[in-house]
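Each chain, letter by letter, is given below.
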Amino acid sequence: MLEARAVMVFYENMLALNNVNITCPENGVIGVFGANSAGKSTLMYALSGIILDIQHKEKMRGGERISLFGEVVHDGEDITKLKAHQRARRGLVLCPERRRLFPESSVAENLSIGGHLASRAQAKETFDFVMELFPALKKLTRRAAGFLSGGEQQMVAIGRALMAQPTMLLLDEPLLGLAPSIQHTVVESIPQIRNERGISVIVTEQYARPVIPYVDYAYIVENGSTVMEGTREELLGNPDIKAAYFGCG
Ligand code: ATP
């Protein structure tokens, strides 16, 4: 189980996350929905520990001051002070917004970079799972990632994160910029990842509609604060929420 408890993040004097509490239970799929700049990536950085790297880098170059408050708790342990690579070893793996692949490396190389900490057997078995999850990648393993379509790149990005053997996958805006037909393929991988690998997923999106059928529970974030939370049914049953966030009032 992963919990954010009263998490606050300031970029200099700008409050990007304000007292955010979220919980993702074991084997859960949780959605975090919110408009541009609502704070979704900041939350993913706080959960994955990347925020500590960003904070450190800014400090080294004499840049803005980033202040963090609150706690991140994983399986009952306070991991607030753990760095991203330490959290990754515990199974918390971020698949970042805008994919961030190595464009000149092949699909197979991008995947094996993700699996550098896995055993050879784990890497092989997970590679096969990724090919089963996204059959479109089978023919593309030698192609440079930079030459793939946005949807294919997203599949590689998810595959790379899976190669790191997560128990909790943090998917930051996986549908960003993708055509609706490809969105469907990407989002359909979420229940497979949960059901076949037992991996919990926290997924953020600007538009909830394509993702809401796949989540158990969701949070709606506005200007850094959680303004609403509930089960999928509760959120879909609320006409105001439905019209404002799901585009299907
Ligand atoms: P998007 O959908 O545009 O990715 P988001 O919900 O992921 O948005 P964040 O990227 O977390 O939102 O940004 C939250 C707020 O914090 C925004 O106002 C953004 O401009 C600001 N912000 C994010 N990163 C930094 C940074 N490194 N320095 C200063 N401000 C930042």
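Before reading on, note that the structure itself is shown above.
Residues numbered from 1 in each chain as written. Predicted model: local features only at pLDDT ≥ 70, side-chain atom pairs only at ≥ 80, totals over all residues. Heavy atoms only, no water.

Engineer: So what about the side chain of E3? Which residues, and what values?
Structural biologist: Turning to its location among the elements, E3 is positioned in strand 1 (residues 2–11). Owing to a relative accessible area of 14%, E3 belongs among the buried residues under this scheme. Separated by 3.2 Å, the side chains of E3 and R5 make a polar contact. If we ignore the near neighbours within four places in the chain, the residues touching E3 are I22, T23, E71, V72 and V73. (Helix = DSSP H or I, 4+ residues; strand = E, 2+ residues; numbered from the N terminus. Buried < 20%, exposed > 50% of the residue type's maximum accessible area, 1.4 Å probe, protein only. Polar contact = N/O pair within 3.5 Å; in protein donor to acceptor, adjacent residues only side chain to side chain. Contact = heavy atoms within 4.5 Å.)

Engineer: Give a description of the site of the ligand that names residues and reports values.
Structural biologist: Taken together, the neighbourhood of the ligand is formed by 14 residues, with N36, S41, T42, E64 and E173 sitting nearest. Measuring from an oxygen atom of the ligand, one finds a side-chain N or O atom of T42 at 2.5 Å. E173 places a polar side-chain atom, nitrogen or oxygen, 2.7 Å from an oxygen atom of the ligand. A total of 640 Å² of accessible area belongs to the ligand in isolation, and the protein chains cover 69% of it. Counting residues per element, the ones that place at least two in the shell around the ligand are strand 2 (14–24) and helix 1 (40–48). Counting residues per element, the shell around the ligand draws most heavily on helix 1, at three residues. Its residues assigned to classes, the shell around the ligand shows five nonpolar, five polar and four charged. (Near = heavy atom within 4 Å. Areas by Shrake-Rupley, 256 points an atom, 1.4 Å probe, with all protein chains shown as cover. Nonpolar A, V, L, I, M, F, W, Y, C, P; charged D, E, K, R; others polar.)

Engineer: Lay out unusual backbone geometry in plain terms, naming residues and giving numbers.
Structural biologist: If you check the backbone angles, E12 has positive phi at about 55° while not being a glycine. Taking the relative accessible area as the measure of exposure, E12 reaches 33% and is therefore partly exposed. Phi at N27 is positive, roughly 65°, even though this residue is not glycine.

Engineer: Before we move on, can you summarise the sheet that holds strand 4 (residues 66–74) with the specific residues and values?
Structural biologist: If you trace the four strands from one edge of the open sheet to the other, you get 2-1-4-5, paired in antiparallel fashion. Two strands bound the open sheet, and with one partner strand each, they are strand 2 and strand 5 (77–78). Where strand 1 meets strand 2, seven bridges bridge the pair, whose relative direction is antiparallel. Looking at strand 2, one finds that V9 is bridged to L17. Lying over the sheet, helix 2 (residues 50–60) contacts strand 1 and strand 4, oriented at roughly 155° with respect to strand 4. (Pairing = 2+ DSSP bridges. Axes fitted to C-alpha atoms, helices over the stretch in contact; angles between N-to-C directions.)

Engineer: Give a detailed account of the sheet that holds strand 8 (residues 200–205), specifying residues and quantitative values.
Structural biologist: Taken together, the six strands give an open sheet; going across it, the order is 6-7-8-3-9-10, and neighbouring strands pair in mixed fashion. Taken across any chain shown, the strands that pair with only one partner, and hence form the sheet edges, are strand 6 (92–95) and strand 10 (225–231). Neighbouring strand axes in the sheet, compared pairwise and without regard to direction, differ in orientation by 15° on average. With four bridges joining them, strand 3 (residues 29–33) and strand 9 (residues 217–222) adopt parallel strand pairing. Looking at the pairing, F33 lines up with I220 of strand 9.

Engineer: Please provide a residue-by-residue account of the packing of aromatic side chains, values included.
Structural biologist: Enumeration over the complete set of coordinates arrives at two aromatic pairs. Pairing F10 with F69 gives two aromatic rings, centres 6.0 Å apart and planes at 90°, and the pair type is edge-to-face. Of this pair, F10 sits in strand 1 while F69 sits in strand 4, and the two are 59 residues apart along the sequence. (Phe/Tyr/Trp six-rings, centres within 6.5 Å; stacked < 30°, edge-to-face > 60°.)

Engineer: Give a detailed account of the pattern of salt bridges, specifying residues and quantitative values.
Structural biologist: Applying the stated criterion to the full structure yields eleven salt bridges. The partner of R197 in a salt bridge is E125, and the shortest N-O contact between them spans 2.9 Å. In this pair, R197 sits in helix 7 (residues 180–197) while E125 sits in helix 5 (residues 120–133), placing the two residues 72 residues apart along the sequence. Among the residues examined, E125 registers a relative accessible area of 42% and is labelled partly exposed. Through salt bridges with shared partners, one network takes in E3, R5 and E71. (Salt bridge = Lys/Arg side-chain N within 4 Å of Asp/Glu carboxyl O.)

Engineer: How would you explain the packing of helix 5 against helix 7 if you had to name every residue and give the values?
Structural biologist: The interhelical angle for the contact between helix 5 and helix 7, taken along N-to-C directions, is 145°, at an axis separation of 11 Å. For the element pair helix 5 and helix 7, the recorded crossing hand is right-handed. Where helix 5 approaches helix 7, its residues E125, T126, F129, E132 and L133 are matched on the opposing element by S189, Q192, I193, E196 and R197. (Left-handed = near helix turned anticlockwise from the far one by under 90°.)

Engineer: Which residues make up the packing of helix 5 against helix 6 (residues 150–163), and what values go with them?
Structural biologist: Interhelical geometry of helix 5 versus helix 6 gives an angle of 155° and a closest axis separation of 9 Å. On the basis of the axis angle, helix 5 is roughly antiparallel to helix 6. Once helix 5 is placed against helix 6, the crossing between them reads as right-handed. In this structure, helix 5 contributes A123, T126, F127, F129, V130 and L133 to the contact, and helix 6 contributes G159, L162 and M163. For the contact of helix 5 with helix 6, the residue count by class is seven nonpolar, two polar and no charged. (Parallel < 35°, antiparallel > 145°, perpendicular 65-115°, else oblique.)

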